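Breakdown of the fold
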Amino acid sequence: MKYPLSLTVNDENYDILVEPYHTLMEAIRDGIGLTGTKCACEDGRCGTCTVLIDGQIVKSCLMLGLQAKGKSVLTIEGMGSPDALHPLQAAFLEHGAVQCGYCTPGMLLTAQQLLDENPNPTEEDIRSAFVGNLCRCGVYTHATEAVLSVAGEKEK
Amino acid sequence: MIDCQYLEPITVSEACTLLAEHGDGAKVVAGGQSMAILLRNGLIQPSHLISIQHVPGLEDITASDGGVKIGARVTLDRLSGIGETHPTLRALDDVISEVADQQIRNFATLGGAICEAHPASDINVVLSALHATVKLASADGERVVPMCDFVSGAFTTSAQPGELLTEVAVPSFDLTSAAAAHRRFVLRAGDYPVVGVGAFVSLDGSGGCQDARIVVGNCSGAPAHAQEAEARLKGHSIVGNSEVLDEAGELAAAHVAPSSDPMAPSEYKIDLVNVLTKEALAEAVARATG
Amino acid sequence: MNVVGTSTKRIDGIEKVTGSAEFTTDIVLPRMIHAKLKRSPFAHAKILRIDTSKAEQMPGVRAVITAADLPDIRLGILTLDEHLLAHDKTRLVGEPVAAVAADTPEIARAACEQIEVEYEELPPLFDPEEAIKLDPPVVLHEEYEEYEKLLELAEMDERPPNLWQAYRIRHGDIDAAFKKAEDEGGHIIENRYSTGYVHTACMEPHGAVAQWSSDGALTLWAGGQSPYIARDGLSKALDLPPSKVRVIVPFVGGAFGGKLTVKEGAIAAALARKAGRPVKIILTRAEDLSATAARTPFIFDVKDAVTKDGILIGRKVTSILWGGGYSGEGILKPIFSTHLYPGSYRLAALWVDSYGVYTNRVSGGALRGYGCAESAWAVETQMDIIARMCDIDAVQLRINNLLNEGERTAITMPAHAFSAHECLTKCADAIEWETPSESLESPWYRGKGIALGNKYSFAPTASSTELKVHEDASCELRTSAVDLGQGAYTILTQIVADEFGIEIDQVKLITPDTAITPFDHVAGSSRQTFHTGNATRMACDDAKRQIREVAAPKLEVHPDDLDVSGGNIFVKGSPEKSIKIEDLFVVEMLAGKRPAVDEVIGKATWEVTASPHDPNTGQGEEPMAYMGHGAQAAEVEVNVETGRVRVRKFVSAIDVGKAMNPQGVEMQNYGGGCMGIGIALHEDMCFDASGQMTNASLMDYKIPSIVEMPLNEYMESIIVEVPHQHGPYGAKGAGEIVVVPTSPAIGNAIYDAIGVRIWDQPLTPEKVVKAWKEKKASGNGSG
């Protein structure tokens, strides 16, 4: 049976119905229609479905939708807009950290939590943060550069 | 399609009542980090999901003379660096920040990680080496079970229907003469290890080994004590004696019979047991004497 | 203005970083339902009976199909040996036998479980060396001789019944070469190499959305590498005229060779027709990894004749491509892999027998480097062994054997824009080749390795584009080239901007849609920059010609005296004499007159007509569009107790002719290095005794995480620019060469570190430990 789920996504309130076995990823993609959150691995390894819940990154395929009741979720659509990119979004573009783009939303949200908690990460910190985000195009080197550049900017 | 109910008890006793009522069809959801996948892929089809998200009192970490108690819903992220405030848990620091990844550690709970009973679980290896116990609540009351009896096989625990893991207790030990360490080998960062080894040693005044516990992960369904290797160390001088640690490694390797899996063939896991046992023991001895 | 050659930001970047880029997985249509496939659990079995009645009666199920619902047509790239849904037999675990469309994916999955299939198990055949026998234990395709084939195999007295490809090279006197090496104190070096099972493992799984219109026309959205190959496949599979098939390519979440065809899309289309509803199919990760085409293994037996001074004088190779149940997209690999046997080297004699065989495993497909990445493993390891045997530096040995510009290779390919020397030396400098690696504390060892590589781009092939000039002087490029992440859309946009002297944002790209965009062969074989780039320049020229012709009378000059740039048409040498492009369209139209021009659409087709080589000799005319060059070097750290190999430093030096977008080249160098490191060290599809893949998840199939990559300061990308005579601005492709030398570079570095060779990829920790133990047991274990 479906249950009501009220949550905030990108500062907007949503009331949807979900099955208990539906994941947060399905609630976001199918229930709310925000498809920037991707699905790629179905076993919680790849990180393309990463979103922030109350400021903490989570793989939205590893959490039931109902567990997010009353929570505040940030997806890639809420991170920035074409006219007002988040500095990380701009840096990913500037530093060539985007290829096919399928892992990009997840990587960006992971980077956001990292910088929120640690404005001056080392390269090792960045590598640890990205362990849960796989990218087959191999943008890792450039993504590291991008995050370092934003961290450097904030410092100034 | 499966018809499943989602229940959200607000006390331990209510949760236990619901678990008892719904029997085998009921599954506990804590962080959801292993449950959601099983559900999504149709691998389990419970009639009731019992979320313990709103049950209070499961998120405390408390220390007393007897040891450290950790609530079942404490996240792995909160445990990272735990050895700094609770030094007897230092061996958890060896591994906790390498378990899975930041996303998972943010929401995965200690209780969930234990109950998943993954054969390669580093956490279960370390807790077994530390002689941890788990507290199981049920409608009938509570019981305390040693980790090594709780995880009974691959993805299997000895919890009875109606029981809820509420707390993990790690007994204290004398930090000036005892210590634990954990070593693992992963093929890729963020993954389960091919093999993990947890070691605990306590020393007498002259560098002899009073007690030794060596626990090997991913070579059998549940974490397993390397009893022959432990026996080789007990009563012998192990400080500054790398030969005996080497022998312990070889004994540990000689007595595991891991099955091959896609990560590695059996022979290679045996090689790793040898290497990692030595390393974990050497580190534990160094800490105990440090 | 000079946009070409600058690191313009990718034009699809904003959509990708804000989450608005729509991939196939994101498409939702009104009334859309979901498909799942019923797959064979057996590697080899006869299908006796399929009963779909229970599935059909389930609530929410809208259509169920089996082979009986489809035209009895065999499909394939060049050997047509495969039905869309298994007919009478299944030849690999995971072969689709039926399909269901239902209201939700969960219902479709449950309905698949309700389909009853009665099989008669047949003995499976997995070993390629058994498969290639004249009298094999099992024959997979009893009706092979009747299949339609578009390719000629090398002549054989008797074809082994499981053979689907045979190709030979006969160049020079191979026996004389071995005799000379023997007689004159040279060396004969003979080794067996093999590669593993590798999957493209794109982050976006395979999928498609199919919709039929009331007039019986099909529209398919699928993130594949070629809308025209897809359209052709759909038209054949469903027996539809091509004009009734429209293929639209949304954003593609990676392809790397794995998305050349749209088999699942054709199944979705058949379901959609039966259900009368749009159907979406997205493969699960397990299906994607275990049942879509993989880079299947090669076995190479290489025997080289070398003079005592380290000059290669003869090479003999016998190779078998371990094909799967169907020849698939791997059909040309036994041929194209041979391009690397001479590679960049002079070879007086070359003798090759190259085969492809059926086995009951996953079918062979394309993956970045198509054959060359595999044969490079054998050839470039062999070069390292030769260097050590002759006591010549491994870089110098290679240099001593390189061709000269203009010289013909042993496969009659003229060496052109020959940059192997430059790639090699720049790479060696960057890794400080002359300086041996530091010694580390046991059990760790460090070492360096280097390798050369080549990647051909196939021919014959063609690309067409159309370039519409709008009234506001902006340009619209219509292309069926696909951006798979490699940056094709950005580079093509740069070309248009340059040709018209306008800003990047004045160029609009109409992305692949066969109803609108003209033919382009495929986003594969590193061909988009080269071929589509040329076509784009030509379409720009054609559009500018039209504009000049209209403008000439107004400026009272000959069209040839005019130039078009920045939205203006002006007289060469007298830029003050000009009119605006918009004036050709608009002014007279507003005045109620017929405008000078209604529409400016430049059109062009760029074609390269090469002819395939004689399959019996490997000789003929120029067989490819161009040959790319590159070198890579690695420094590794090896732990001999655990077998851990860490790539500490990685250098990739590739020749792109002209770096259209230098940052884009760097992305290929680093990204290719990442995939190359995964293939060399970690990635290995495993199968159980029944032929079932046992690690079909991204948890268990180990594509690299960031931690497996060297630190940024130890990653180096080197761009070499030796212009190709036919490349646009001299450019060549970069997409595949970047994974070709990686494995041998790493393998050679492991040897440098610990003195052991591992002959079969991937070079996993357990193989390192095993090889080290064997070395110690043989008394050479001093390190």
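A brief report on the enclosed structure follows. (Residues numbered from 1 in each chain as written. Chains lettered and ligands numbered in written order. Predicted model: local features only at pLDDT ≥ 70, side-chain atom pairs only at ≥ 80, totals over all residues.)

**A few points about the overall build of chain A**
So the rule is basically this: Working definition: helices are DSSP H or I runs of at least four residues, strands are E runs of at least two. Numbering for both runs from the N terminus. Our radius of gyration is a C-alpha quantity, and the globule rule it is checked against amounts to 2.2 Å times the number of residues to the power 0.38. Here the C-beta atoms are placed from the backbone, and a residue counts as buried if at least 20 other C-beta atoms lie within 10 Å of its own, exposed if 12 or fewer do, and partly exposed otherwise. In this description, any two residues whose backbone-derived C-beta atoms lie within 7 Å of each other are considered to be in contact.
For chain A, the helix and strand inventory stands at 5 helices and 5 strands. Ordered by position from N to C terminus, the α and β elements of chain A give β-β-α-β-β-β-α-α-α-α. On C-alpha atoms alone, chain A measures out to a radius of gyration of 15 Å, which is about the 15 Å that the 2.2 N^0.38 rule sets for 156 residues. C-alpha atoms of chain A, sized along the principal axes, occupy 50 × 30 × 25 Å. In chain A, which comprises 156 residues, the proportion classed as buried is 69%. Within chain A, contacts between residues separated by at least 24 positions form 60% of all contacts whose residues are at least 6 apart in sequence.

**Regarding the overall build of chain C**
Within chain C, the regular secondary structure consists of 18 helices and 26 strands. Relative to its length of 783 residues, chain C is compact, with a C-alpha radius of gyration of 27 Å against a globular reference of 28 Å. Partitioning the intrachain contacts of chain C with sequence separation of at least 6 by distance along the chain shows that 79% fall at a separation of at least 24.

**Brief notes about the interface of chain B and chain A**
Rules: The classification used treats Ala, Val, Leu, Ile, Met, Phe, Trp, Tyr, Cys and Pro as nonpolar, Asp, Glu, Lys and Arg as charged, and all other residues, Gly among them, as polar.
Counting from both sides, the interface comprises 24 residues of chain B and, opposite them, 24 residues of chain A. For the side of chain B that touches chain A, the secondary-structure elements that each account for two or more residues are strand E1 (5–7), helix H2 (35–40), strand E3 (48–51) and helix H6 (102–107) of chain B. Ranked by the residues each element gives to the side of chain B that touches chain A, the list is headed by H6(B), at 5 residues. Residue composition of the side of chain B that touches chain A, by class: 11 nonpolar, 10 polar and 3 charged.

**Overview of unusual backbone geometry**
Following Ser442(C), the chain continues to Pro443(C) via a peptide bond in cis, the omega torsion being 10 degrees. Counting through the fold element by element, Pro443(C) comes out in the loop between helix H12 (420–430) and strand E16 (444–458). The step from Gln761(C) to Pro762(C) runs through a cis peptide bond, and the omega angle for that step is -10 degrees. Residue position: Pro762(C) is located in the loop between helix H17 (742–754) and helix H18 (765–777). In this structure, Asp11(A) is a non-glycine residue whose phi angle is positive, near 70 degrees. With respect to the secondary-structure elements, Asp11(A) resides in the loop between strand E1 (3–9) and strand E2 (12–18). Even without glycine at this site, Asn218(B) takes up a positive phi of about 70 degrees. Considering the arrangement of structural elements, one finds Asn218(B) in the loop between strand E13 (209–217) and strand E14 (224–225).

**Here we look at the interface of chain C and chain A**
The interface of chain C with chain A comprises 45 residues on the first partner and 46 residues on the second. Residue assignment for the side of chain C that touches chain A shows that the elements contributing at least two residues are helix H1 (13–18) and helix H16 (662–682) of chain C. Considering each element in turn, the side of chain C that touches chain A owes the most residues, 8 residues, to H16(C). Looking at the side of chain C that touches chain A residue by residue, the class counts come to 23 nonpolar, 15 polar and 7 charged.

**Topic: the pairing of E3(B)**
Residues and elements named next belong to chain B. Under the convention used in this document: Think of it this way: DSSP has to see at least two bridges between two strands before they count as a pair. Assignment of crossover handedness uses the view with strands pointing away from the viewer, where a clockwise path from the first strand over the helix to the second indicates a right-handed crossover.
Sheet topology places E1 next to E3; 3 bridges connect them, and they run parallel. Along E3, the bridge assignment pairs Leu-7 with Ile-50. Note: strand E2 (residues 26–29) against E3, 4 bridges, orientation parallel. Directly across from Val-29, in E3, lies its bridge partner Ser-51. Taken together, E2, H2 and E3 constitute a β-α-β crossover, and its handedness is right-handed.

**Quick word on the sheet that holds E1(B)**
All names here are of chain B. The cut-off we apply is this: Helix axes use the C-alpha atoms of the stretch in contact, all axes being lines fitted to C-alpha atoms, and the angles between their N-to-C directions lie in the range 0 to 180 degrees.
Spatially, E1-E3-E2 is the arrangement adopted by the 3 strands of the open sheet, whose pairing is parallel. Looking along the sheet, the strands with just one partner apiece sit at the ends: E1 and E2. Along the sheet, successive strands turn relative to each other by an average axial angle of 25 degrees, direction set aside. Lying over the sheet, helix H1 (residues 12–22) contacts E1, E2 and E3, oriented at roughly 165 degrees with respect to E3.

**Some thoughts on the sheet that holds E16(C)**
Residues and elements named next belong to chain C. Within the open sheet, the 4 strands sit side by side as E16-E24-E25-E26. Their pairing is mixed. What marks the edges here is a single partner per strand, and that holds for E16 and strand E26 (715–720). Averaged over all adjacent pairs, the angle separating strand axes in this sheet is 15 degrees, with direction ignored. When strand E24 (residues 624–639) meets strand E25 (residues 645–655), the two strands line up antiparallel, connected through 9 bridges. Paired with Gly-630 across the bridge in E25 is Ile-654. Sheet strands touched by H12: E16, E24, E25 and E26. Its angle to E24, the strand with the most contacts, is close to 20 degrees.

**Some remarks on the nonpolar core**
As a rule of thumb, soluble globular proteins bury nonpolar side chains together. So the rule is basically this: Only buried Ala, Val, Leu, Ile, Met, Phe, Trp, Tyr and Cys residues enter a nonpolar core, and they are joined through C-beta atoms within 7 Å.
One finds Val201(B) and Leu271(C) to be the most contacted residues of the largest nonpolar core, which totals 422 residues. With 10 residues, helix H12 (residues 266–289) of chain B is the largest single contributor of residues to this core. Discounting chain neighbours no more than four positions away, the residues touching Val201(B) are Ala178(B), Ala179(B), Cys209(B), Ala212(B), Ile238(B), Leu281(B), Ala284(B), Val285(B) and Ala288(B).

**Considering H12(C)**
Residues and elements named next belong to chain C. Quick note on the threshold: Taking the helix axis as origin, the arc is that swept by the directions to the C-beta atoms.
Taken together, the buried positions of H12 are occupied by Ala-420, His-421, Cys-423, Leu-424, Cys-427 and Ala-428. Projected down its long axis, H12 carries its buried residues within an arc of 165 degrees, all on one side. Where the residues of H12 are buried, they touch helix H11 (394–401), E16, E24, E25 and E26. One or two steps after H12, the chain reaches Glu-432, where phi turns positive at roughly 50 degrees.

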